Structures are given as C-alpha cells and as structure tokens.
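Summary of the model geometry
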Amino acid sequence: MKFGVITFPGSNCDHDAYWAARHTAQQQAVMLWHESHDLQNCDVIVVPGGFSYGDYLRTGAIAKFSPVMEAGW
C-alpha cells in the first residue's frame, strides 16, 4: 500500500505522518506538495491535522483551494 502525505505551507505533523507510514506501518510513502496535480498512484492520502502557529495565517482556508485537493476527484 502506498501512502501520500500532503504538505501545505505552514502544515504541522506532515513529517510525523510520513514517518509513521514508512517506519511504523512499514509501507511505501511519498510527500505530496499542495500545488501538485498528481497523487502519484497513492492508495491512501493523509491530510495532516493542525497547522504550525495555529491557523492565524488561514492556512486551513488556503488548503481548500490547493490543486492537490481536487486531484483525486
């Protein structure tokens, strides 16, 4: 199973999710930049929870409009 972990500007826990997929679950994993249109044939997509510095810069709202969010539909 291949995991894809989406990274947004200011996201938090994306590297932790990648590490968990690779080392704990021992599965293939890739980091996916939020501007990408390609999900790289991932079976599972992880959207990390939380944003560094809270959501003061509205990263959560910006994430809604990122190309990667529409790539799988």
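It should be noted that the structure appears before, not after, this text.
Notes on the structure follow. Keep in mind that this is a model prediction, so the values were computed, not measured.

The rules behind these values
- Residues numbered from 1 in each chain as written.
- Predicted model: local features only at pLDDT ≥ 70, side-chain atom pairs only at ≥ 80, totals over all residues.
- Heavy atoms only, no water.
- Helix = DSSP H or I, 4+ residues; strand = E, 2+ residues; numbered from the N terminus.
- Buried < 20%, exposed > 50% of the residue type's maximum accessible area, 1.4 Å probe, protein only.
- Contact = heavy atoms within 4.5 Å.
- Arc of directions from axis to C-beta.

1. A few points about the overall build of the chain
A count of helices and strands for the chain gives two helices and three strands. N-terminal to C-terminal, the α/β element order of the chain is β-α-β-β-α. Expressed as a percentage of its 73 residues, the buried residues of the chain come to 32%. Counted over contacts in the chain with a minimum sequence separation of 6, partners at least 24 positions apart contribute 74%.

2. Things to note about helix α1 (residues 14-24)
All of the buried residues along α1 are Asp14, Ala17 and Ala21. The buried residues of α1 occupy one face: seen down the axis, they fall within an arc of 65°. Facing away from the buried side of α1, by more than 90 degrees, are the exposed residues His15, Asp16, Trp19 and Thr24. Along its buried surface, α1 packs onto β1 (2-7), β2 (28-33) and β3 (44-46).

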